[in-house]
Amino acid sequence: MPRTETPPAAVAGSEPVFSPALSPQEGVEAATDLFREAFGAEPDGVWYAPGRVNVIGEHTDYNGGLALPIALPHRAHLALRRRDDRTIRLVSPQTREAIDVLDLDAIGPTGTPGEVRHWNAYVAGVAWALERDGLGPLRGFDAALYSCVPLGGGLSSSAALECATAVALDDVCTLGLAGTVDTPDDAGRARLVEACIRAENEMAGAPTGGMDQSASMRCRAGHALELDCRDGSVVHVPFDLAAADLTLLVIDTKAKHSLVDGQYGARRDACERAAEILGVPLLADIEPGSLEAALATLRASKATDAEVLVARTRHVVTEIDRTRRLVALLQDGTPLTGEKLAQVGALMDASHESLRVDYEVTCPELDVAVQAARAAGAHGARMTGGGFGGSAIALVDTAAVDAVARAVVDAYADHGFAAPAFLNAVPSAPAGRLV
Ligand code: GLA
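The name given to the chain in an unreviewed UniProt entry is Galactokinase, with the source organism recorded as Actinomyces glycerinitolerans. Its UniProt record gives the chain a comment under Sequence similarities (unreviewed entry), which states: "Belongs to the GHMP kinase family. GalK subfamily."

Novice: Help me understand the site of the ligand in this model?
Specialist: Taken together, 14 residues surround the ligand, and among them Glu58, His59, Asp61, Asp212 and Tyr264 come closest. At 2.9 Å, a side-chain N or O of arginine 52 approaches an oxygen atom of the ligand. In this structure, aspartate 61 approaches the ligand through a side-chain N or O atom, which is 2.5 Å from an oxygen atom. Split into classes, the residues belonging to the shell around the ligand amount to four nonpolar, six polar and four charged.

Novice: What exactly am I supposed to notice about the sheet that holds strand E2 (residues 66–67) here?
Specialist: Remark on secondary structure: sheet strands pair via backbone hydrogen bonds, oriented parallel or antiparallel. If you walk across this open sheet you meet the three strands as E2-E7-E8, and the pairing is antiparallel. The outermost strands of the open sheet, each flanked by one partner alone, are E2 and strand E8 (233–238). Sheet topology note: the E2/strand E7 (residues 223–228) ladder contains two bridges and is antiparallel. Looking at E7, one finds that alanine 67 is bridged to leucine 227.

Novice: Any chance you could explain the UniProt feature "domain: GHMP kinase N-terminal" (unreviewed entry) in the chain here in plain terms?
Specialist: Taking the UniProt record as the reference, the feature "domain: GHMP kinase N-terminal" (unreviewed entry) is found at residues 122–217. Each end of residues 122–217 is marked by a C-alpha atom, and these two atoms are 15 Å apart; helix forms 57% of the span and strand 7%.

Novice: Which parts of the structure should I look at to understand the packing of helix H2 (residues 120–135) against helix H3 (residues 157–172)?
Specialist: Pairs of packed helices are described in terms of their axes, by the angle between the two and the distance that separates them. It is the contact of H2 with H3, at a shortest axis distance of 8 Å, that shows an interaxial angle of 50°. Viewed along their axes, H2 and H3 adopt a mutual orientation that is oblique. When you trace H2 past H3, the crossing you get is right-handed. Taking contact as the criterion, the partners of Tyr122, Val123, Val126, Ala127 and Leu130 in H2 are, on H3, Ser158, Leu161, Glu162, Thr165, Ala166 and Leu169. Partitioning the contact of H2 with H3 into residue classes produces eight nonpolar, two polar and one charged.

Rules behind the numbers
- Every chain is numbered on its own, with residues counted from 1 as its sequence reads.
- Given that this is a predicted model, residues contribute local features only at a pLDDT of at least 70 and side-chain atom pairs are listed and counted only at 80 or more, while totals for whole chains, interfaces and linings are drawn from all residues.
- Heavy atoms from the whole structure form the basis of all side-chain values; hydrogens and water molecules are not counted.
- UniProt positions are given in the numbering used here, feature names are shortened, and annotations may be inferred rather than shown by experiment.
- Nearness is defined per residue: one heavy atom within 4 Å of the molecule or strand is enough.
- What qualifies as a polar contact is a pair of N or O atoms within 3.5 Å, subject to a donor-acceptor requirement within protein and to the restriction that residues adjacent in sequence count only when both atoms come from side chains.
- Charged residues are taken to be Asp, Glu, Lys and Arg, nonpolar residues to be Ala, Val, Leu, Ile, Met, Phe, Trp, Tyr, Cys and Pro, and polar residues to be all remaining types, Gly included.
- For two strands to count as paired, DSSP must find a minimum of two bridges between them.
- Helix and strand labels come from DSSP, where a helix needs a run of H or I of at least four residues and a strand needs a run of E of at least two; each type is numbered from the N terminus.
- Geometry is summarised by axes, namely lines fitted to C-alpha atoms with helices restricted to the contacting stretch, and by angles between N-to-C directions that run from 0 to 180 degrees.
- Should an angle fall under 35 degrees it is called roughly parallel, over 145 degrees roughly antiparallel, and 65 to 115 degrees roughly perpendicular, with every other angle called oblique.
- By the definition used in this description, the sense in which the near helix is turned from the far one sets the handedness, with an anticlockwise turn below a right angle giving left-handed and a clockwise turn giving right-handed.
- Throughout, a contact is declared for two residues whenever any of their heavy atoms are within 4.5 Å.

Quick look at the structure:
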């Protein structure tokens, strides 16, 4: 979701500001209070879904490649009560003065008369998509949103909202797909993910690839999710950073980030055209060993932007390879220290360079954040998510978190950027019910 406020400028030497995650109890209370205030009734329950950061594997999902996200402790909370009619009423702290009222029979995709505006598209869109998937007809519902996933920070605040809605509707409409957080039904969750992606693509008009929704719905606490976007299969990769005295520090650049302004879609379109020229369904079909031959084919093609297609393809194929290698390192059973830690950091650094030079989705705020973090001792740093703003991540000794965060604040002040915010990315649980 886009952010609306203009953040203040960074001031050298000032304290880094961390965005805390609400505890489950705080999330329940905040969403329930808002629900009571808006609708004068008790909700049926409170559900949540996390934001995510991607450790590596960027812009690979819509190319059928690998990604490696973790779920954040920062969550969207949804207090919801099923209705007996087809009306949807929605409220958030920003809209508490004016409850939005929608009709499940009248809503439709972006660009049609039933278009749904703003964040309502992510909630109502999931109900709409579940019905299109043959899971209806559903009842309407009243819902109050209280989220602590930073908006517009590239941390999947919208996917969190979609997934919270999906698990809530799964429950109150007894669809029986999600299972519980402790005993998740992964196949059922994968089906809910499809509805969330459809809501994002068709109702919100963002042509995203599905990594965010899969992370929010299918991650496990203490693990990263190796997601094979060709067939949707997953491997839960142990990622206990605390045991290695490491922290995955998120740097929210506060720079504008949007997935509906055409740049994201342009990258996706370039990949599809490159695959077509290469005669493969997906760029993930190009093995690293065939990359040079594939690039030669693109250069020899009649495409007017052949060099752009070369660069985009090089990023995708090398990024999938980096992801595979990083997963192999994490899975070898040895502690994440020494040479192994250096290799993980180097893969993260190389990912950022590829996204900066070949994929051209970074921006000055992201580049300065990773440079400052590395200079202050991070083992590796890279942008995460779609890019064009949003967030970067840095793998940091826990004892050095404060020094790295201060170095980023100071670098931002030097460049006249807005003050960044920081989050501690502890690999957390997937979407579920709280009460
Ligand atoms: C955004 C999209 C995802 C994915 C990433 C880039 O987060 O929503 O589908 O494409 O960008 O890896």
